[in-house]
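Notes for the structure review
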Amino acid sequence: MHERKSKRWLTQAVAAGAVAAGTLAFLPAPAQAQGAPPHDAGLQADFAAAAASYGVPTSVLMAVTHEESGWRWHKGYSESGGYGLADLTDVTTDMLVDGDAGAGGRADLAAMVDKPELHTLRKAAKLTGIPAARLRTDRRANLDGAAALLASYQKSLKAEASKDPADWTGAVAEYSGLKDEKAARGYVDNVFRIIRSGASLRQADGNTVRLAADPSARPAAGRLAGLKLRTTAAAPDAECPASLSCAFDPVPIAANGQVSDRPANGIAIDRIVLHTAEGSFASAKQSLSAPGAVSGAHYLMDTDGTTTQLMANKDLAFAVGNYHYNLHSVSIEQAGFTARGADWYTDAVYQRTAELVKYLAERYDVPLDRQHVLGHDNVPGSLDSNLAAQHWDKGTAWDWNRFMGLLGAPTDAGTRGVGKAGSVVTIAPKFGTSAEQTYTVCPADDPSGATPACAKVPQPSNSLFVRTAPAADAPLFLDPVVHPGDQAGTDAISDWSDRVQAGQQFVVAGREGDWTAIWYGGQKGWIYNPGGRNTIPAKGVKVIKTRGTTAAPVYGQAYPEASEYPAGLSPSTQKPLTAANYGIPVGQAYVADQPPTPADDYFKSGGEVVTGSRTYYQVQFNHRTIYVNSADVTATPAC
């Protein structure tokens, strides 16, 4: 994407010349919110006409724009100002003045935006004669701009306007805006992978646009020679897959984490947590790098998939609001805003995050399931006092089914349906414009500034609402910890407490018409599930029930007993959560998908690890996972 280089350059500008003057960050400017074009049957024809007008193979134009946008219309990504299917960029001084950069009055303001790579839209306007405003908002014009750019790159490389996609390898790399050889080759490989496999997208109007597969298409590596790409070795300390554009830029660890030696010291890394930064890459990087920061992450990824490792994986990042989860997890922050996730979670982010997560999972033996590949919103509070205060990112707009499929561990595979009471189902709603949910989004939910007032917003969702009865007008599930004194939950986009999420698993508590009851958060909740279309029966997991005649306690953390700590070490307090409904009552059942693991604790002073004799299951309790002592429950295979 063109935004790759623009964001990297802007980030460097902050680091090199702006930090001393104060905190600068780049957030979306309201002026970028241009109207999207209508969806109609002409998209296929638009691709063909634009390609023919500039002598570009249709497959190349379609694959490049698919890599840029997934053929979804974008209104402009943050500071990069990327527009349309082609992600044509146009960064303006207003973006730097009116956004979090706060660069008004700086003597170097003009120089900050005087970079050709930040203005591919302007170049496209000159090449095509089409006004910039049309390139931003008109689909055919936007595709013409992309085709014109590709043709101009081909000409500058003194290459012929061939019909063979391989001959366009250099132009494709130039379109990426990337100057690092490894990163540019990765972009080219992705584009040609799309050409080989083909692609399709069903539009809102029911029409489908298709790129026919060309299995023989391969890039011509020799075509990159004229681009003068930088050859840089991967940072020796960056713990990333070879395919990822990844740098290591360590942050101060004193306040936002702890030095450790995981997993060599016996502390297993068995969870990977995804976060949304609630800001651009630049603002998140500055926040996470501040010496006084009280939060951290191991990785930070931009919307183009370029990644910076901020902390060695052996060390703890204070990332998820629960020390014990921090103790066992690696955290990946992604640039963006949770309330506007669909505009930030790009195809590149899905692909590159999957590459990174697969690498980490293989390296640390992390189970590829939804109890171990988590969003921050799936992590519980550690104590009663912070159960309600935990973050709600990744939220509803991250397509978990798609992502888990990219990991090779699909959560929506199998025949949809629902079994009898006592069986287990995997939540698997469709994600897309045909399966939207409506949420209330308020200014407090959206620090991008794009939400001036509370409004009902329909959007693709990974979640289903949980209700108190089997009816569409029944009150939403009430978690009294989150809503003390209230009568029901809410449809607020930030209200995680009354919804289930793709990939999560629950025990069926009953069925009535189009509705399925599940055991959820110590109560019975109902999800809309006509014909079982939103669930898939699950096996290979354990059904967890209380062993005794009273509710089994649940825990936010899993520390050893006080008597198990060596002399000289102050024990951490291991006590159950006592908030309303937090427990596993007699007659209810929940799901664990991995065996129990020992209680443990870590002391940074001396690097000592304490392992207890008790073991704890991590179970899906409500929207979040939680711990339960294996001695307090029975665990039987799901039927």
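See the structure shown above.
For clarity, every value in this text was computed on a predicted model and none was experimentally measured.

**Considering the overall build of the chain**
Each helix and strand in the chain was counted, giving 14 helices and 27 strands. Relative to its 639 residues, the chain shows a buried fraction of 58%. Contacts in the chain between residues far apart in sequence, at least 24 positions, make up 71% of those at least 6 positions apart. Within the structure as shown, the chain displays about 24,000 Å² of accessible surface, and the carbon and sulfur contribution to it stands at 53%.

**Brief notes about the state of the cysteines**
A covalent bond between the sulfur atoms of two cysteines is what we call a disulfide. Using the criterion set out here, one finds 2 disulfides in the structure. A sulfur-sulfur separation of 1.9 Å characterises the disulfide bridge that pairs C240 with C246. C240 sits in the buried class, given a relative accessible area of 14%. Take C246: its relative accessible area is 13%, and that puts it in the buried class. Paired through a disulfide, C442 and C454 show a sulfur-sulfur distance of 2.0 Å. When the S-S torsion is 120°, as for the bridge of C442 with C454, the disulfide is right-handed. One end of the pair, C442, is in the loop between β14 (436–441) and β15 (455–460); the other, C454, is in the loop between β14 and β15, with 12 residues separating them in the sequence. On the accessibility criterion, C442 (18% relative accessible area) is buried. Look at the chain and number its bonded cysteines as they come in the sequence; the links are 1-2, 3-4.

**Points about the side chain of S162**
Turning to its location among the elements, S162 is positioned in the loop between α8 (139–156) and α9 (169–176). For S162, a relative accessible area of 13% gives the class buried. In contact with S162, not counting residues within four places along its chain, are P57, D167 and W168.

**Some details on empty space enclosed by the protein**
Under the criterion given, the structure shown has 3 cavities of 30 Å³ or more. The calculated volume of the largest cavity comes to roughly 50 Å³. Split by residue class, the lining of the largest cavity holds 3 nonpolar, 6 polar and 3 charged.

**A few points about the environment of A51**
Position of A51 among the secondary structure elements: in helix α2 (residues 43–54). In the structure, A51 is positioned 11 residues away from M62 in sequence and 8.9 Å away in space, judged by C-alpha atoms. Not counting chain neighbours up to four residues away, the residues in contact with A51 comprise V56, P57, T58 and L61.

**Description of the sheet that holds strand β5 (residues 246–248)**
The strand order β5-β9-β8-β11-β7-β12 describes an open sheet built from 6 strands, whose pairing is mixed. For this open sheet the edge positions go to β5 and β12 (373–375), each flanked by a neighbour on one side alone. Taking each pair of neighbouring strands and ignoring which way they run, the sheet shows an average axis angle of 25°. Of the pairings in the sheet, the one linking β5 to strand β9 (residues 307–309) comprises 3 bridges and is parallel in character. Residue pairing for β9: F248 is matched across the bridge by Q309. In the packing of helix α11 (residues 281–289) onto the sheet, contacts are made with β8 (299–301), β9 and β11 (329–334), and the angle to β8 comes to roughly 165°. Each of β7 (271–276), β8, β9 and β11 touches helix α13 (residues 347–364); the most contacted strand, β11, lies at about 170° to it.

Conventions adopted
- Residues numbered from 1 in each chain as written.
- Predicted model: local features only at pLDDT ≥ 70, side-chain atom pairs only at ≥ 80, totals over all residues.
- Heavy atoms only, no water.
- Helix = DSSP H or I, 4+ residues; strand = E, 2+ residues; numbered from the N terminus.
- Buried < 20%, exposed > 50% of the residue type's maximum accessible area, 1.4 Å probe, protein only.
- Contact = heavy atoms within 4.5 Å.
- Areas by Shrake-Rupley, 256 points an atom, 1.4 Å probe, with all protein chains shown as cover.
- Disulfide = S-S within 2.5 Å.
- 1 Å grid on protein atoms, 1.4 Å probe; cavity = no way out; pocket = protein on both sides within 12 Å on 5 of 7 lines; lining within 4 Å.
- Points joined across faces, edges and corners; volume = space filled by probe spheres on them.
- Nonpolar A, V, L, I, M, F, W, Y, C, P; charged D, E, K, R; others polar.
- Pairing = 2+ DSSP bridges.
- Axes fitted to C-alpha atoms, helices over the stretch in contact; angles between N-to-C directions.

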